[in-house]
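Working through the structure, step by step
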Number of protein chains: 2
Amino acid sequence: MKRYRLWVSYDGTTYHGWQLQPGADTIEGRLNDALNSLFPENDINVIGASRTDAGVHALSNVAVFDVDTRMPAEKISYALNQRLPEDIRVWKSEEVDADFHPRHCDVNKTYEYRIHHAAFPNPLKTRYAYYTYLKLDASRMKEAVSALEGEHDFASFCAAGSQAQTTVRTILSADVYEESEDMIVIRLTGTGFLYNMVRIIAGTLLEIGAGKREPGELKNIIEAKSRSAAGQTAPPQGLCLKKIKYL
Amino acid sequence: MKRYRLWVSYDGTTYHGWQLQPGADTIEGRLNDALNSLFPENDINVIGASRTDAGVHALSNVAVFDVDTRMPAEKISYALNQRLPEDIRVWKSEEVDADFHPRHCDVNKTYEYRIHHAAFPNPLKTRYAYYTYLKLDASRMKEAVSALEGEHDFASFCAAGSQAQTTVRTILSADVYEESEDMIVIRLTGTGFLYNMVRIIAGTLLEIGAGKREPGELKNIIEAKSRSAAGQTAPPQGLCLKKIKYL
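What you see is a predicted model; the values in this text were computed from it and never measured.

Reading guide: rules and limits
Residues numbered from 1 in each chain as written. Chains lettered and ligands numbered in written order. Predicted model: local features only at pLDDT ≥ 70, side-chain atom pairs only at ≥ 80, totals over all residues. Heavy atoms only, no water. Helix = DSSP H or I, 4+ residues; strand = E, 2+ residues; numbered from the N terminus. Contact = heavy atoms within 4.5 Å. Areas by Shrake-Rupley, 256 points an atom, 1.4 Å probe, with all protein chains shown as cover. Buried area = accessible area lost by both parts, 1.4 Å probe. Salt bridge = Lys/Arg side-chain N within 4 Å of Asp/Glu carboxyl O. Polar contact = N/O pair within 3.5 Å; in protein donor to acceptor, adjacent residues only side chain to side chain. Nonpolar A, V, L, I, M, F, W, Y, C, P; charged D, E, K, R; others polar. Buried < 20%, exposed > 50% of the residue type's maximum accessible area, 1.4 Å probe, protein only. Pairing = 2+ DSSP bridges. Least-squares fit on C-alpha atoms with pLDDT ≥ 70 in both. Axes fitted to C-alpha atoms, helices over the stretch in contact; angles between N-to-C directions. Parallel < 35°, antiparallel > 145°, perpendicular 65-115°, else oblique. Left-handed = near helix turned anticlockwise from the far one by under 90°. Arc of directions from axis to C-beta. pLDDT = per-residue confidence, 0-100. Domains from an automatic or database assignment. Phe/Tyr/Trp six-rings, centres within 6.5 Å; stacked < 30°, edge-to-face > 60°. Lys NZ or Arg CZ within 6 Å of the ring centre and 35° of its normal.

Observations concerning the overall build of chain A
Of the regular secondary structure elements, chain A holds five helices and 10 strands. A sequence separation of at least 24 residues applies to 72% of the contacts in chain A between residues at least 6 apart. For chain A, the exposed area adds up to about 11,400 Å²; of that, 45% sits on carbon and sulfur atoms.

Some points on the interface of chain A and chain B
When the parts come together, some accessible area is lost, and that loss is often what is quoted as the size of the interface. With 22 residues of chain A in contact, the opposing surface of chain B contributes 22 residues. Summing both partners gives a buried area of about 1,700 Å² for chain A against chain B, and 73% of it is carried by carbon and sulfur. For the pair chain A and chain B, the number of links is zero salt bridges. Where chain A packs against chain B, one counts zero residue pairs in polar contact (both at pLDDT 80 or more). Where the side of chain A that touches chain B is concerned, the elements lending two or more residues are β1 (2-10), β3 (57-67), α2 (76-81) and β4 (88-96) of chain A. Taken together, the residues of the side of chain A that touches chain B sort by class into 12 nonpolar, five polar and five charged.

What about the pairing of strand β1 (residues 2-10) of chain B?
Residue and element names in this part refer to chain B. Counting buried positions along β1 gives eight out of nine residues, so the element sits mostly inside the fold. For β1 and strand β3 (residues 57-67), the ladder comprises eight bridges, and the chain directions are antiparallel. Among the inter-strand pairings, K2 is bridged to a residue of β3, identified as V67. Bridging between β1 and strand β4 (residues 88-96) involves eight bridges; their strand directions are antiparallel. By the bridge assignment, L6 is partnered in β4 with S93.

Concerning the relation of the copies chain A and chain B
Between the two copies, chain A and chain B, the superposition gives an RMSD of 0.0 Å; the rotation angle is 180 degrees and the shift along the axis is 0.0 Å. The symmetry that links the two subunits is that of a two-fold axis. Residue R127 of chain A, judged by its C-alpha, is the member of chain A lying nearest the rotation axis, at 5.0 Å. Of the interface residues in chain A, 100% have counterparts in chain B that sit at the interface too, so the contact is made through matching surfaces.

Overview of the packing of helix α3 (residues 138-145) of chain B against helix α4 (residues 197-209) of chain B
Angle between the axes and distance between the axes are the two parameters that describe a pair of packed helices. Residues and elements named next belong to chain B. At a closest axis distance of 8 Å, the pairing of α3 and α4 adopts a crossing angle of 130 degrees. Our classification of the angle between α3 and α4 gives oblique. The hand of the α3/α4 crossing is right-handed. Here α3 contributes R140, M141, A144 and V145 to the contact with α4, which in turn contributes L205, L206, I208 and G209.

What to know about helix α5 (residues 217-224) of chain A
Residues and elements named next belong to chain A. Restricting attention to buried positions, one finds in α5 the residues L218, I221 and I222. End-on view of α5: buried residues confined to an arc of 100 degrees, all on one side of the axis. Remark: K225 follows α5 within two positions and exhibits a positive phi of approximately 50 degrees.

A look at the environment of W7 of chain A
Residues and elements named next belong to chain A. Within the fold, W7 resides in strand β1. For the pair W7 and L247, spaced 240 residues apart in the sequence, the C-alpha separation amounts to 16 Å. In this structure, W7 is in contact with S60, N61, V62, R89, V90, W91, K92, E94, I244 and Y246, ignoring residues within four places of it in sequence.

Concerning the confidence of the model for chain A
Chain-level pLDDT for chain A is 96 on average; 100% of the residues reach the 70-or-more range. Among the scores for the predicted complex, ipTM is 0.91 and pTM is 0.94.

Some remarks on the domain arrangement of chain A
Residues and elements named next belong to chain A. By domain assignment, chain A separates into domain 1 (2-96) and domain 2 (107-246). On the side of domain 2, 16 residues touch domain 1, which itself brings 17 residues to the contact. Carbon and sulfur atoms supply 52% of the area that domain 1 and domain 2 bury against each other, a total of about 1,300 Å² over both sides. Listed by contribution, the elements that provide at least two residues to the side of domain 1 that touches domain 2 are β1 and β3. Here the side of domain 1 that touches domain 2 gets six residues from one element, more than from any other, and that element is β3. Each residue belonging to the side of domain 1 that touches domain 2 can be placed in one class, and the counts come to seven nonpolar, seven polar and three charged.

Remarks on the packing of aromatic side chains
Inspection of every chain in the model, using the stated rule, returns 18 aromatic pairs over all chains. Each ring, one from Y4 of chain A and one from F65 of chain A, has its centre 5.6 Å from the other, and the planes form 25 degrees; the classification is stacked. Of the two residues, Y4 of chain A is situated in strand β1 and F65 of chain A in strand β3; the sequence distance between them amounts to 61 residues. Where F100 of chain B meets Y246 of chain B, the ring centres are 4.9 Å apart and the plane angle is 80 degrees; that geometry is what we call edge-to-face. In this pair, F100 of chain B sits in the loop between β4 and β5 (107-117) while Y246 of chain B sits in strand β10 (residues 239-246), placing the two residues 146 residues apart along the sequence. Ring pairing ties together the aromatic residues W7, W91, F100 and Y246 of chain A, which thus form one cluster. For R5 of chain A, the ring lying beneath its charged end belongs to F100 of chain A, and the centroid distance is 4.8 Å.

Points about the pattern of salt bridges
Residues and elements named next belong to chain A. Counted under the stated rule, the structure contains 30 salt bridges over all chains. In this structure, E207 and R213 form a salt bridge, with 2.7 Å as the shortest nitrogen-oxygen distance. The pair E207 / R213 is uniform in exposure class, with both members buried. Look at the salt bridges and you will find they share partners, linking R5, K92 and E94 into a network.

Considerations on unusual backbone geometry
Trans peptide bonds make up the majority, and among non-glycine residues the majority have a negative phi. All names here are of chain A. Unlike most non-glycine residues, N196 shows phi in positive territory, near 70 degrees. The residue N196 is located in the loop between β9 (183-190) and α4 (197-209) in this model. Although it is not a glycine, K225 adopts a positive phi angle of roughly 50 degrees. Of note, K225 is situated in the loop between α5 and β10 (239-246).

A short note on the side chain of N122 of chain B
Relative to the elements of secondary structure, N122 of chain B occurs in the loop between β5 and β6 (130-132). What N122 of chain B contacts, discounting residues up to four positions off in sequence, is L59 of chain A together with H116 of chain B.

Encoded structure:
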């Protein structure tokens, strides 16, 4: 048996998230189906790097599986793409060490959250962004966001029901930029993220951009270590897992 | 009766184009339904500026209709958006002269055709672009495209079945730019376009970018005045009507 790593992009709009669930269409389920169709003598279940929620997109997520095959590693991506729906693409397949585990590794992950703000929603932008009619001041969001950088207890940005043993995480870089007049992008790179963390950060920055909170409050919200101190969880369609870098 | 003009954006993916067809879901049909729901005492049929094909998108198309109402013109957009699917949005409504006709006016229209070129398609880009695995050299396409500017007989770029009385058109500006490493955008502004003209131009430029034709050939293709001289009609999902400017 050899271990292989797949790099996967997907439009999450119509899926019930990454994680396998009986009776639900999930990215993990689709990958398992494609792999078991390609390698029918095995019973393959992938291990994913990030269990993205329903409606969340990924440019780069990772799945690992074991199989005994003579197929060259780099050909597996092509064979899987023939067995996957068009909104899921494997853009790289490679052999890795037999003990490589996609979640138990030192890693940098980059997420982007996109907010489309305009008087009317542009239907060519709403599939991959959260629309708000609120007038947002990106400079207020830029001023606030750097407070997230560094090692902090992010309990204020962790959804109830999380099974994380600690809520301390390190954000390596936190930026806000304007992609266009009507699109603000929040980009966060860190060594790991809590459940719903990016979406709660986005919801809080949105309130700062809309003038409902002051930029300086973000520091206090972190220090409060309480979910109720932060803003609402922003909806999934604005979120995209952009990059995973194994160190 | 007063005449009103609607400015409309849509994601054309799931529609059978603009033009009303019995039994088919079209943009025109959806607008008529929304208007007749809002103004039930009238029998409203919009007149469109551009009859975009099935699968083609628009950031800005125009529809005109007549109604006898006391509703302020600028409120009509909001009322219609409540009656339209989310992938069609009216972003402006205004009163116009009673004799305004959206197709019998001096106008500048801007179309963009987007080509996503990469070893694997990015599923977050393929909804609004044509994907090709061919390696494209954008500089060859840039070199070629300026030959389109000016008044020419564009018969080579007109689909069979066109009812146009003349195939002479004027292109005011023709540009190719790289939006990102894997996305080339062709942008054409003109006073009018023939049926499938932008898609045939895109298909021809794609062949030039891929090295199958030389940049200098575009001039000869125009001069040939024959559809068979040009390249293939590029598929609809790459095309977007970006702007209509009434002069």
